[in-house]
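Below, each chain spelled out in residue letters.
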Amino acid sequence: MKQYIFFGGTFDPVHNGHLAVAGRAAGIFGADGSVLLAPAFVPPHKDAGKILSFEHRLNMVQCAVSGKENLQVCTIEREREGKSYSFDTLHILHTLHPEDQINLLIGGDSLLQLHSWYRAKDLVRDFRIIVYPRPGEEPDKAMLRRYWTEEETEKLLSFVLKDVPLFPVSSTSIREMYRSGRREEAEKYVPEKVASYIRKNLLYFS
Ligand code: ATP
């Protein structure tokens, strides 16, 4: 049985934290070649007017994975258009690969919001959710129990990765660095090809 790890996000922009998280998860779960980075066509939780176009975000993810054998870009959400719900996307992946295990990879901050996702309970029932811890976003059992049953909480906590390095970086902080004129600092947090794509297209400067 092959492991697929679906890693969705806004990727505005994709950063070194995303790549490190995806690479680590691939190694731990033996999913080399099958971590799918999927920019959301319309991120359900973000204000569409405030994020870069899908094409720019996709191009940056393409730059970021080029030359990295363990990562691939997944464009299912563009083909489907409309809001990009992970529940629907994962079921499409399952239909495409019925013999294989489909995992969803999220960061610790997303775990704390997962109850608000579309068909959250069904998502947790149908798929394995791998959680990569994020600095300052400790998974707290009592907090999870406000939204999830004991059984669901145990399931969610059982795939929180332990003893992995943390990556204190976010797309928000990178956008802020660009907007406030700290380009060189911002470029430390994104792959070189992404930095040059951002420069060439004059992104995040206004
Ligand atoms: P923003 O700051 O704009 O909200 P972000 O850095 O959180 O962006 P997203 O594209 O929204 O990036 O995140 C995609 C997925 O990657 C989410 O599940 C998020 O939790 C996870 N993620 C992003 N950065 C990290 C990180 N540094 N460590 C662990 N998980 C991360």
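Rules behind the numbers
Residues numbered from 1 in each chain as written. Predicted model: local features only at pLDDT ≥ 70, side-chain atom pairs only at ≥ 80, totals over all residues. Heavy atoms only, no water. Core = buried A, V, L, I, M, F, W, Y, C linked by side-chain atoms within 4.5 Å. Buried < 20%, exposed > 50% of the residue type's maximum accessible area, 1.4 Å probe, protein only. Helix = DSSP H or I, 4+ residues; strand = E, 2+ residues; numbered from the N terminus. Contact = heavy atoms within 4.5 Å. Pairing = 2+ DSSP bridges. Arc of directions from axis to C-beta. Salt bridge = Lys/Arg side-chain N within 4 Å of Asp/Glu carboxyl O. Phe/Tyr/Trp six-rings, centres within 6.5 Å; stacked < 30°, edge-to-face > 60°.

J.: Lay out the nonpolar core with the relevant residues and their values.
T.: Counting 37 residues, the largest nonpolar core has Val14, Leu37 and Met60 as the members making the most contacts within it. Taken together, the elements giving at least two residues each to this core come down to strand E1 (3–9), helix H1 (16–29), strand E2 (35–39), helix H2 (54–65), strand E5 (128–132), helix H9 (171–179) and helix H11 (192–200). Ranked by the residues each element gives to this core, the list is headed by H1, at 6 residues. In contact with Leu37, other than residues within four places in its own chain, are Phe7, Phe11, Val14, Leu19, Ala22, Val61, Val65, Leu71, Gln72, Val73 and Cys74. Ile76, Leu114, Val124 and Phe127 belong to the second largest nonpolar core, which has 25 residues in total.

J.: Outline the pairing of strand E4 (residues 101–107), supporting the account with residue identities and numerical values.
T.: Among the 7 residues of E4, 7 are classified as buried, and the element is accordingly described as predominantly covered. The alternating pattern of E4 places Gln101, Asn103, Leu105 and Gly107 on one face and Ile102, Leu104 and Ile106 on the opposite face, and all of these are buried. Inspection of the sheet shows E1 paired to E4 by 4 bridges, in the parallel sense. Bridge assignment links Phe6 to a residue of E4, and that residue is Leu104. The pairing of E4 with E5 spans 5 bridges and is classified as parallel. Directly across from Leu105, in E5, lies its bridge partner Ile130.

J.: So, the pairing of E5: which residues are in play, and what are the values?
T.: Burial runs high along E5: 5 of the 5 residues are buried. What you see with E5 is no split at all: Arg128, Ile130 and Tyr132 on one side and Ile129 and Val131 on the other are buried throughout.

J.: Could you give an account of helix H8 (residues 150–158), with specific residues and numbers?
T.: Among the residues making up H8, those that are buried are Glu152, Thr153 and Leu156. Angular distribution of buried residues about the axis of H8 spans 100°; they occupy a single face of the element. Turning to H8, the residues buried within the fold contact helix H5 (108–113), helix H6 (120–126), E5 and helix H7 (141–145).

J.: Now, about H9: what can you tell me, with residues and values included?
T.: What H9 keeps buried is the set Ser171, Ile174, Arg175, Met177 and Tyr178. Buried residues of H9 fall within an arc of 160° about the axis and therefore sit on the same side. Packed against the buried residues of H9 are H1, helix H10 (183–187) and H11. Remark: Gly181 follows H9 within two positions and exhibits a positive phi of approximately 80°.

J.: Before we move on, could you go through the pattern of salt bridges and cite the residues and values that matter?
T.: The tally for this structure, following the rule as stated, stands at 14 salt bridges. Among the salt bridges present, the one from Glu152 reaches Lys121, with a minimum N-O distance of 2.8 Å. You can see Glu152 sitting in helix H8 and its partner Lys121 sitting in helix H6, a full 31 residues away along the chain. A relative accessible area of 16% places Glu152 in the buried class. What makes Lys121 partly exposed here is its relative accessible area of 41%. The shortest N-O distance in the salt bridge between Glu154 and Lys141 comes to 2.9 Å.

J.: Explain the packing of aromatic side chains residue by residue, including any values.
T.: Taken as a whole and assessed by the stated rule, the structure comprises 8 aromatic pairs. With centroids separated by 5.8 Å and ring planes inclined at 25°, the aromatic side chains of Tyr178 and Tyr204 adopt a geometry described as stacked. Linking Tyr178 in helix H9 with Tyr204 in the segment after H11, this pair joins segments that are 26 residues apart in sequence. For the pair Tyr178 and Tyr204, one class covers both residues: buried. With 5.7 Å between their ring centres and 75° between their planes, Tyr178 and Phe205 make a pair best called edge-to-face. Of this pair, Tyr178 sits in helix H9 while Phe205 sits in the segment after H11, placing them 27 residues apart in sequence. Judged by its relative accessible area of 2%, Tyr178 falls in the buried class.

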